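# Chains, contacts and geometry: an overview
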Amino acid sequence: MVITSYGFLLIFLPLTFLIYWRIPQKLTFLCITSYLFYALGGLIFVPLLIGLSFATYWLALRKRFNLGIALNLLALIFFKYWNFGADTLNAFGHAIGITALVPLLNLALPLGISFFVFKHIGYLLDIRGERFAPVTNPLLFLTYSAFFPQISAGPMSVSDDIFKQLANLSQTIQSDQVYQGIASISIGLVKKILIADVLNTALQTALFASPEANNGFFWAWCSVGMYALQLYFDFSSYTDIVLGVGILFGVTLPPNFNNPYLATSPSDFWQRWHISLSTWFRFYLFFPLSRTLIKRWGTIQSALAQYAANFVTMVLIGLWHGAGWGFFLWGLYHGLLLNLFAWAKRRKWQIEGHTVMIVCILIGWALFLSPNLTFAGKLFSNMIGLHGLGSLENLLSIYKPLLFFTFLTAILLTIFGTVEAANMPNLKRPVYAFTLGVLAVFCLIHLAAATKFIYIQF
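The present account deals with the structure reproduced in this document. (Residues numbered from 1 in each chain as written. Predicted model: local features only at pLDDT ≥ 70, side-chain atom pairs only at ≥ 80, totals over all residues. Heavy atoms only, no water.)

### Side note on the packing of helix 8 (residues 175–208) against helix 17 (residues 401–415)
Think of two packed helices as two axes; the pair is described by the angle between the axes and how far apart they sit. Across the interface, helix 8 lies against helix 17 with an axial gap of 10 Å and an inter-helix angle of 130°. As the angle between them shows, helix 8 and helix 17 are arranged oblique. Relative to helix 17, the crossing made by helix 8 is left-handed. Facing helix 8, whose interface residues are Leu194, Ile195, Val198, Leu199 and Ala202, helix 17 presents Leu403, Thr406, Phe407, Ala410 and Leu413. For the contact of helix 8 with helix 17, the residue count by class is 9 nonpolar, 1 polar and no charged. (Axes fitted to C-alpha atoms, helices over the stretch in contact; angles between N-to-C directions. Helix = DSSP H or I, 4+ residues; strand = E, 2+ residues; numbered from the N terminus. Parallel < 35°, antiparallel > 145°, perpendicular 65-115°, else oblique. Left-handed = near helix turned anticlockwise from the far one by under 90°. Contact = heavy atoms within 4.5 Å. Nonpolar A, V, L, I, M, F, W, Y, C, P; charged D, E, K, R; others polar.)

Here it is, written out as structure tokens:
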């Protein structure tokens, strides 16, 4: 079930909200509701989610942490990376005269597997590091694992924080919470329907439908810039809706964005973009890996250890998003950016800046959006001007006035730092509430045309 569907917003959410606040067994109801939500999105994978959740819970109690981590990783690798690995090995085999080394499998990707697997691994690492005691209530852990607002695409939450909230659910809700939750959901809908999907419609016809196009320099950069805004508004709108749903059920989920396109350096960007994912990798991979390398290489090589840890971390972040060379190169590129800026900072060179960082981010998104290396090569050849600047008439024929108005609105909202619901001021003032309500109703009317959120596929 998609959270921007009529079934969710007009039936599932209101019904579960009303029942939830009328019964005392809130944790049990949340657990049942979460697995029902997951079943509506793909019944066939419910046993996988329940099985991995029970296994993680049981192995943590018995201190079999490595086995639990391996089990979760194996499930992720099998469903998400098998065909990518098979294609790569088969291509290598073909190059040396061997065919069909590894069979390709017709596998569907389980909903949210990248997110709930990483939740499980983070929990196991926390218990192994004795940051808190293992959960002894299986119902609590099952609810944590499948909590329906965040099962599809996060945000990833700190285990201990969510466990405490789920173990101490309030029996009443305040009117301010209801308003805050509905406002956050409404803002998410407005951003999704009126901005992200409008930009997406243009990109599907102007960029993705014509990978061989030689429309020139301005077309390429305009398209990548539009994709950067579409991706941001799409994912941040999902986050606003999810945070709003969490509030309606008395659970506070962590924010995922903080004006990332106002960043002045790569490290600043990754503290603002997909915050829960970058925090997970920084805490569970980068810090332990850099400490291990420093111990092995000595403190004199601490900078080198940081560079190596940056590369490994960012490549894995890239591959976390998907099995493809574009994601791999995007992660490698951001590892290079982090190291380049860190190296310059150590030499007191001033290369940080908003404009420089925007250009760097857009180059990265060109890799990220490319479905294959051929597409990426064609796009970059336009971006560096190999096919000329392109004509204004051609650009205007592709991007219509409504699109440019939406594009400009998205740019202005981004520049002024008012994209995330949490950063929008004075939402309780009557004029803002009325305007938001009108826009939300308009979005509900056009909800049937909404596209799936981009990060659901990851």
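Moving on, there is more to tell.
### Comments concerning the nonpolar core
Membership of the largest hydrophobic core comes to 132 residues, with the highest contact counts inside it found for Trp273, Trp365 and Leu379. If you tally residues by element for this core, the top one is helix 9 (residues 217–248), at 18 residues. Setting aside anything within four residues of it in sequence, one finds Trp273 in contact with Leu231, Tyr232, Asn256, Phe257, Pro260, Tyr261, Ser278, Trp365 and Tyr455. (Core = buried A, V, L, I, M, F, W, Y, C linked by side-chain atoms within 4.5 Å. Buried < 20%, exposed > 50% of the residue type's maximum accessible area, 1.4 Å probe, protein only.)

### A look at the side chain of Ser237
Checked against the element boundaries, Ser237 lands in helix 9. On the basis of relative accessibility, which here comes to 0%, the residue Ser237 falls in the buried class.

### A closer look at unusual backbone geometry
A positive phi is found at Lys63, a non-glycine position, where the angle reads about 60°. Counting through the fold element by element, Lys63 comes out in the loop between helix 3 (46–61) and helix 4 (65–95). Overall, the relative accessible area of 64% leaves Lys63 in the exposed class. Even without being a glycine, Asn259 presents a positive backbone phi close to 50°. As for its placement among the helices and strands, Asn259 is situated in the loop between helix 9 and helix 10 (266–270). Assessed through its relative accessible area of 10%, Asn259 is described here as buried.

### Thoughts on the packing of helix 8 against helix 18 (residues 430–445)
Interaxial distance between helix 8 and helix 18 falls to 9 Å at its minimum, and their mutual angle equals 55°. Put simply, helix 8 runs oblique to helix 18. The crossing of helix 8 and helix 18 is left-handed. Only Ala433, Leu436, Leu439, Ala440, Phe442, Cys443 and Leu444 of helix 18 make contact with helix 8, whose side of the interface consists of Tyr179, Ala183, Ser186, Ile187, Leu189, Val190, Ile193 and Leu194. Looking at the contact of helix 8 with helix 18 residue by residue, the classes come out as 14 nonpolar, 1 polar and no charged.

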